[in-house]
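Examination of the molecular architecture
Chain by chain, the residues:
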Amino acid sequence: MRISTACGSSPTFLRRSGAKVVAGGNLCTLFPEFASQYFDSVCAGGVENVADFMSDYEAGRTKKIYRRPQKHVSSYALDYSLFTRHDISPPVHFIEASRGCNFRCNFCVIPAEGAVHSIYTPEAVNRAIANAIDTSPRFSFRRHYPVVWFVDNNFSDNLEYAKTICRALRDNKRVRAWGALVTQNVFRDHDFIRFLRACKCRILFTGLESLDIDFLKAHNKKQNVSRRSNIVDDMRFAERQGLVITYAYLFDPRISSVDDMRRQVRALTEIPGFPMPAFFS
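Overview of the structure.

1. Structural notes on helix H10 (residues 190–198)
The set of residues buried in H10 consists of Phe192, Ile193, Phe195 and Leu196. Down the axis of H10, the sector holding all buried residues measures 160 degrees, keeping them to one side. Exposed side of H10, more than 90 degrees from the buried face: Asp191 and Ala198 are the residues found there. Summarising the contacts, the buried residues of H10 are in contact with helix H9 (159–171), strand S9 (177–182), strand S10 (201–209) and helix H12 (231–240). Of the residues that open H10, the one with a side-chain oxygen 3.3 Å from the backbone nitrogen of aspartate 191 is aspartate 189. Positioned one or two residues after H10, lysine 200 has a phi angle of 80 degrees, which is positive.

2. Some points on the packing of aromatic side chains
Counted according to the given criterion, the structure contains 16 aromatic pairs. Pairwise contacts between aromatic rings join Phe53, Tyr57 and Tyr66 into one cluster.

3. Remarks on empty space enclosed by the protein
One pass over the structure, following the stated rule, counts 1 cavity of 30 Å³ or more. Estimated volume of the largest cavity: approximately 30 Å³. What lines the largest cavity is simply Cys101, Phe103, Arg104, Ile110, Pro111, Gly114, Ala115 and Val116. Residue classes in the lining of the largest cavity are distributed as 6 nonpolar, 1 polar and 1 charged.

4. Considerations on the nonpolar core
Of all hydrophobic cores here, the largest spans 46 residues; its most connected members are Ile95, Val125, Phe150, Phe155, Trp178 and Phe187. Apart from the residues lying within four places of it in its own chain, the contact partners of tryptophan 178 are Val148, Phe150, Phe155, Cys166, Leu169, Leu196, Cys199, Lys200, Cys201, Arg202 and Ile203. If you look at the next biggest cluster of nonpolar residues, it comprises 8 residues, including Leu14, Val21, Ala23 and Phe39.

5. Regarding the pattern of salt bridges
Using the criterion set out here, one finds 14 salt bridges in the structure. Taking the shortest distance from any N to any O, the salt bridge between aspartate 191 and arginine 194 comes out at 2.9 Å. Here aspartate 191 and its partner arginine 194 are both found in helix H10, 3 residues apart, which amounts to about one turn of the helix. For aspartate 259, the salt bridge is made with arginine 262, and the minimal N-O distance between the two is 3.6 Å. Here the residue aspartate 259 and the residue arginine 262 both occupy positions in helix H13 (residues 258–269), the gap between them amounting to 3 residues, near one helical turn.

6. Quick notes on the pairing of strand S11 (residues 244–249)
With 5 of its 6 residues buried, S11 lies for the most part within the structure. Note that S10 and S11 share 5 bridges and pair parallel. Paired with isoleucine 203 across the bridge in S11 is valine 244. Inspection of the sheet shows S11 paired to strand S12 (residues 279–280) by 2 bridges, in the parallel sense. Of the residues in S12, the one forming a bridge with tyrosine 249 is phenylalanine 280. Between the parallel elements S11 and S12, the chain passes through H13 in a crossover that is right-handed.

7. Section: the sheet that holds S9
With parallel pairing, 6 strands are arranged side by side in an open sheet as S5-S8-S9-S10-S11-S12. Either end of the sheet is taken by a strand with one partner, and the two such strands are strand S5 (93–95) and S12. Note that strand S8 (residues 147–150) and S9 share 3 bridges and pair parallel. Within S9, the residue paired with valine 148 across the bridge is tryptophan 178. Against the sheet, H12 makes contact with S10 and S11, and its axis sits at roughly 145 degrees relative to S11, the strand it touches most.

Analysis parameters
Residues numbered from 1 in each chain as written. Predicted model: local features only at pLDDT ≥ 70, side-chain atom pairs only at ≥ 80, totals over all residues. Heavy atoms only, no water. Buried < 20%, exposed > 50% of the residue type's maximum accessible area, 1.4 Å probe, protein only. Helix = DSSP H or I, 4+ residues; strand = E, 2+ residues; numbered from the N terminus. Arc of directions from axis to C-beta. Contact = heavy atoms within 4.5 Å. Polar contact = N/O pair within 3.5 Å; in protein donor to acceptor, adjacent residues only side chain to side chain. Phe/Tyr/Trp six-rings, centres within 6.5 Å; stacked < 30°, edge-to-face > 60°. 1 Å grid on protein atoms, 1.4 Å probe; cavity = no way out; pocket = protein on both sides within 12 Å on 5 of 7 lines; lining within 4 Å. Points joined across faces, edges and corners; volume = space filled by probe spheres on them. Nonpolar A, V, L, I, M, F, W, Y, C, P; charged D, E, K, R; others polar. Core = buried A, V, L, I, M, F, W, Y, C linked by side-chain atoms within 4.5 Å. Salt bridge = Lys/Arg side-chain N within 4 Å of Asp/Glu carboxyl O. Pairing = 2+ DSSP bridges. Right-handed = clockwise from strand over helix to strand, strands pointing away. Axes fitted to C-alpha atoms, helices over the stretch in contact; angles between N-to-C directions.

Structure below.
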């Protein structure tokens, strides 16, 4: 018997070839009993469920539902050679130093999953980066000019830990540049922004979400409503340090009319030196 993960294919179709169909992700974490009606096994919570399932599978027994809290991070090695062996060639090295987030924005699935911010050890992060570079194609951009992109939900949630990772990246002679996802509040700390630049950070995606205070308050985006600084000035400061800043801009038709949305888009285009969003949602 072979194993198949449910990635857009019908479980019934996959079972015809003798596969056991296993699913995970948001739906399975939030509604595991419901999802178990459609899959042979469901992984609810952290990715460590996969190891639990594989152990049971090799022993000839599997359960319908595997549960692991998102915050329980275990130690495991990643094999990035899977990319090369299957002709998958991303432009950068995707690394995870932490997962989850301690903020509770109500449009985000992370609080519902109970995925509070949890970190990997710096040693595990360094090993992942080394493996990603070492297994990339010999004559590739990723091998000769390694750029790391952290896929963490909130790289900056634990600031002291983030600084530890930044120092390791600064001292890693192989890493040429890197970027990460951070919350808007870090832009108030200009010393930290300078520190990121000195540690070879070159791009940040931030949870700006909106310049509309009513939107931010309605969606519990507390970290964005401080009166201690101006986000426009803070982001322009970061760009003057040499960082590329990008963000998404969100609308809620329950709060804003179409005219309100048009006014906000127009206002973005009129702010001197302010980047446009990577996308609207």
